[in-house]
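# Descriptive analysis of the structure
Here's the letter readout for the chains.
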Amino acid sequence: MNERYEFQEIEQKWQKIWAEEQAFKTVEDYDKEKYYTLEMFPYPSGKLHMGHVRNYSIGDVVARFKKMAGYNVIHPMGWDSFGLPAENAAIKNGIHPAIWTDSNIQDMHDQLNGLGFSYDWDREVATCKPDYYKWMQWLFIELYKKGLAYKKENPVNWCPSCATVLANEQVVDGACERCKTPVTKKNLSPWYFKITAYADRLLANLDKLPGWPDKVKTMQRNWIGRSEGAEVVFGIDGYDNDLVVYTTRCDTLFGVTYMVLAPEHPYVKDLTEGTEYEAAVNAYIQECAAKSEIERTSLTKDKTGVFIGKYAINPVNGNKIPIFISDYVLMDYGTGAIMAVPAHDQRDFEFAKAFDLEIIPVVDVEDPEVDLNNLTEAAVATGTMINSGQFNGMNNKDAIKAMIQFLEEEGKGKATVNYKLRDWLISRQRYWGCPIPMLNCEKCGWVPEKEENLPILLPTDVEFTGKGASPLTTSKTFGTGVCPVCGGKAEREYDTMDTFLDSSWYFLRYCDAKNDEKAFDKKKVDYWMGQEGVDQYIGGVEHAILHLLYSRFFQMVLHDLGLVEAEEPFKNLLTQGMVIKGYTDADGNYVKAKMSKSLGNVVSPAEIQEKYGADTARLFILFAAPPEKELDWSDEGVEGSFRFLCRVYRLVHEYITKIKGDQTPSAAIEIKTADDKQLNFVLNSTIKKVTEDAGGRFNFNTAISSIMELVNELYRYKASAEMNLPLFNEAINKMVIVLNPFVPHITEELWSCLGHDDRLYSAEWPKYDEAALVKDEVEVIVQINGKLKDKLILPNNTSKEVVEETARELDKVKEAIDGMNIVKVIVVPNKIINFVVK
RNA sequence: GCGGAUGUGGCGGAAUUGGCAGACGCGCACGGUUCAGGUCCGUGUGAGUAACAUCGUGUAGGUUCGAAUCCUAUCAUCCGCACCA
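Here, residues in each chain are numbered from 1, in the same order as that chain's written sequence. To label them, take the chains in the order written and letter them from A, then take the ligands in the order written and number them from 1. Owing to the predicted nature of the model, reporting of local features is limited to residues with pLDDT of at least 70; listing and counting of side-chain atom pairs is limited to 80 or more, with chain, interface and lining totals taken over all residues. Excluded from the side-chain calculations are hydrogens and water; all other atoms, namely the structure's heavy atoms, are used.

### Quick word on the packing of helix H19 (residues 635-659) against helix H21 (residues 700-717)
- H21 packs onto H19 with a crossing angle of 40° between their chain directions and a minimal axis gap of 11 Å. When the interaxial angle is binned, H19 and H21 end up oblique. For the pair H19 and H21, the sense of crossing is left-handed. Mapping the contact onto sequence places Phe644, Arg647, Val648, Arg650 and Leu651 in H19 and Ile707, Met708, Val711, Asn712, Leu714 and Tyr715 in H21.
- Amino acids are sorted into nonpolar (Ala, Val, Leu, Ile, Met, Phe, Trp, Tyr, Cys and Pro), charged (Asp, Glu, Lys and Arg) and polar (every other residue, Gly among them). Residues that form the contact of H19 with H21 fall into these classes: eight nonpolar, one polar and two charged. Every angle, taken between N-to-C directions, lies between 0 and 180 degrees, and every axis is a line fitted to C-alpha atoms, over only the stretch in contact when it is a helix. The helix count covers DSSP runs of H or I at least four residues long, the strand count covers runs of E at least two residues long, and both are numbered beginning at the N terminus. Each angle receives one of four descriptions, namely roughly parallel if under 35 degrees, roughly antiparallel if over 145, roughly perpendicular if within 65 to 115, and oblique otherwise. Helix crossings fall into two classes, left-handed where the near helix is turned counterclockwise from the far one by less than a right angle and right-handed where it is turned clockwise. Contacts were defined at the residue level, with two residues in contact if any of their heavy atoms lie within 4.5 Å.

### Examining empty space enclosed by the protein
- Grid spacing is 1 Å over the protein atoms alone, the probe is 1.4 Å, and a cavity is where that probe fits but cannot get out, while a pocket is an open set with protein on both sides within 12 Å along at least five of seven lines and lining residues have an atom within 4 Å of a point. Grid points are joined across faces, edges and corners, and a volume is the space filled by probe spheres set on the points. All chains considered together, the criterion is met by two cavities of 30 Å³ or more.
- Roughly 30 Å³ of volume is contained in the second largest cavity.
- Taken together, Arg54, Ile58, Ile621, Leu622, Ala625, Pro627 and Phe700 make up the lining of the second largest cavity.
- For the lining of the second largest cavity, the secondary structure elements donating two or more residues are helix H2 (50-68) and helix H18 (614-623).
- Its residues assigned to classes, the lining of the second largest cavity shows six nonpolar, no polar and one charged.

### Structural notes on the nonpolar core
- Formed by 181 residues in total, the largest nonpolar core has its most connected members in Trp424 and Phe742.
- The leading source of residues in this core is H19, at 12 residues.
- Not counting chain neighbours up to four residues away, the residues in contact with Phe742 comprise Val61, Arg618, Leu622, Val690, Ala694, Phe700, Ala703, Ile704 and Ile707.
- Each nonpolar core is a collection of buried residues, namely Ala, Val, Leu, Ile, Met, Phe, Trp, Tyr and Cys, held together in the definition by side-chain atoms within 4.5 Å. Burial classification: accessible surface area is computed with a 1.4 Å probe over protein chains only, and a residue below 20% of its type maximum counts as buried, one above 50% as exposed, and the rest as partly exposed. Judged by nonpolar contacts, the second largest core, of 46 residues, contains Val268, Ile325, Val362 and Leu375.

### Digging into the pairing of strand S22 (residues 445-448)
- Paired strands are those between which DSSP finds at least two bridges. Here strand S21 (residues 438-441) pairs with S22 via four bridges, running antiparallel. Within S22, the residue paired with Leu439 across the bridge is Val447.

### A few points about helix H16 (residues 546-560)
- For a helix, the expected span equals 1.5 Å multiplied by the residue count minus one. Taking 1.5 Å per residue, 15 residues should reach 21 Å; H16 reaches 21 Å between its end C-alpha atoms and fits that length.
- Phi turns positive, to about 80°, at Gly562, one or two residues after H16.

### Details of the protein's contact with RNA strand B
- Around RNA strand B, the surrounding shell holds 54 residues, and the nearest of these are Thr248, Tyr333, Arg347, Lys689 and Asn834.
- Definition of nearness: a residue and a molecule or strand are near each other if at least one heavy atom of the residue lies within 4 Å of the molecule or strand. Among atoms of RNA strand B positioned within 4 Å of the protein, sugar and phosphate together represent 62%.
- Polar contact criterion, stated in full: a pair of N or O atoms within 3.5 Å, where within protein one must be able to donate a hydrogen and the other to accept it, and residues adjacent in sequence count only if both atoms are side-chain atoms. Between RNA strand B and the protein, one listed contact pairs a phosphate oxygen with a side-chain N or O atom of Arg643 at 2.7 Å.
- At a separation of 3.1 Å, a phosphate oxygen of RNA strand B approaches a polar side-chain atom of Asn701.

### With respect to the pattern of salt bridges
- Any carboxyl oxygen of Asp or Glu within 4 Å of a side-chain nitrogen of Lys or Arg constitutes a salt bridge here. The final tally for this structure, using the stated rule, is 41 salt bridges.
- For Asp60, the salt bridge identified is with Arg618, shortest N-O distance 2.7 Å. Highlighted residues: Asp60 in helix H2 and Arg618 in helix H18, separated in sequence by 558 residues. Assigned by exposure class, Asp60 and Arg618 land together as buried.

### Description of the side chain of Glu493
- Structurally, the position occupied by Glu493 is in the loop between strand S24 (489-492) and strand S25 (496-497).
- A relative accessible area of 5% means that Glu493 is categorised as buried.
- Within the structure, Glu493 has its side chain in polar contact with the backbone nitrogen of Asp495 (distance 2.9 Å).
- Beyond its immediate chain neighbours, meaning those up to four positions away, Glu493 contacts Lys151, Trp191, Ile436, Met438, Trp446 and Phe478.

### Examining unusual backbone geometry
- In the segment running from Leu454 into Pro455, the intervening peptide bond is cis, with an omega of 0°.
- One non-glycine residue, Lys180, adopts positive backbone phi at about 70°.
- Examined against the element boundaries, Lys180 turns out to sit in the loop between strand S7 (175-176) and strand S8 (184-188).
- Here Lys180 falls in the exposed class, since its relative accessible area comes to 58%.

Structure representation (structure tokens):
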């Protein structure tokens, strides 16, 4: 055994051995209980960052622990390898995206191996490879056949910088989620997935996911945005069509004093054409269209709009009320039209004030501060109905139901449910993505490609300019195909798929990654996924809505298609916190922020690995904070972790010649002295703690701290007079095993040095001895009125009576109760005695 | 505005069921080892006091024999959503 901890030598040695021995290869064993550990696969940018290292270190501990605990563990890794950076690199450097991506994958593959992660590389997938995207295309067609994919012309979100459309979910604060460029509207005819058909199920199933963080579930609930209300039918004076609005406040129908349509509402042209209002209305529509999403949503205060010269008729009282258009009404929510009740809706109130419109209160709210005749803001509290005909006197909550019933009887409305969730726009006008396997035939219209013609390969004769239409249109070979229905000439779809499709089912492909006949075998997927999906999914919270919602949608669809058993993809979800680091800002203040190149507070995994080794990097990351919290990077902390590993290494080295090969079986180890007893106690409580913390609650920081306590105890013990070598040996061996999931290289090395021929990666997790955890003597806290006064050392399980008797004899207790009345004595055996005195 | 979280030493954090607040690590101080520095080993380290007392988990109340933990109010910070009718 080397005297010094030569981490680089050790790490390389064991990585080589693991590869040679195929240590992490997993095969289906249908009789054995499985455990699916999954970390979000990376985009192959070429370099790992600390966020990756944290994500994968957490996953690796889980995988290694569960394997040692006896599960058949699947722990795969792959590449989310379609996407814009590759294409941008191609535009900039003239390297083909495939070459750029392949080389990055190779580099990152090596970096992951360098950190000692226990992946089964036989299951590796890369979404940009034809053997993966063939099945992506197949799945697209399956969705199309089910009526879940459709093409529709629409004004869509367009990122001028990325030169592509974006899904609703990819627009953040009116800007492109990726490049922050303000999004504009463009009329296109993209493909959509009908995710709204699953809105209710996506919402309801969240209640069946207790293993997900509330934060993520709440975000998804808000995003789906279910709201219960009613559609109300208004007539329009001098127009044949009815005007349907959506409202959650049916109770306020008597308070409607005007109507508003979205500027894009289809009636607007009809209602104003050839009238004196046409010019002003068109001018306003132009003005709105020119505004970017940011301008339209950020200037929230000032309400604008135009009267269109027509009147609607209130179905409950026949009142004629003016119709306006305004951009505070959105075309893509509800019906694109609203009934305005300025007395009870703040937005309507602001608009009514700006346009000097009538305000009629219809709910006498339970708020003494509100003067209904002189409102300063909308009155939104609950209350009693007024000015509402036969509904007067009702509680307004009840009036909602009564009003809906009334409308339904009159044929003037019905109860409905609305969602904020929109259908998923999946077309992208870019090259580096999966081609959409659809053809447009002059005779037959849009038809799916034949299955035997899949995959539709990405052409290589394409120009990358970053401008204009989809790059696939520049290929001379790609565009024409044969109509699978009539055999005539058909034109291919030139757009590619959103890369979020690729990542919506990759975890299923891992279960059967090499299948070239199907997307995956159902039996294999059902084994690994089970009834409830991936056992533990780990990744950043930034995917709370996009990826995690899309994947749930996909899984449900595939479940409905009979392709998989599980209805939800991820049983348990852990969202790890960001890696942050302090730095001094321009004003000289020390602040903490997420590691980023622009702030200059980045620590690269490579430099840490070179200086201290992969084990130290992993240990520090796992020790410094619980996984779901932010991780504050500290260079001193890293050194502390390194020191700990040196300390462990030295301890083994110092005693290696004495304990190596000791064959005393655990059962034959005698516990003789008090020191022995103490060491045995610490050893077993550490095993218990690590088992619970690393295997159950995933609090790796406390698991590691308890192993540190064991090491400290071993250092204390070796100084004791009568060292019990078999016990010491046992403690060191078990310490090395429980440390293994966190720092696999050094522990394999020490295990081997200790004379074992087997490997820790396939070792059995140690059990703790309950008997060793029972102490002969316990410390009992003595309190007077809840304040600590003294401590008693008593035999374990001393009766309440004896505890009280003993405690009364203590000087400090005598002193405190002298001349006082003992009101009550509370005794919790083995823990505490409290005298309540007056 | 709505929703979700989080507030504990000089710092990262622990306290899993209401029962010794501050485990473990960093930092700092002192001692040993060393020619010396570093390493390593050991001791100490919430405030306060000569020592006790006492005070102490954002703030103010409350429940309880007993509260970091439960309840009410409030402040601060972070995150998400946001003209969703």
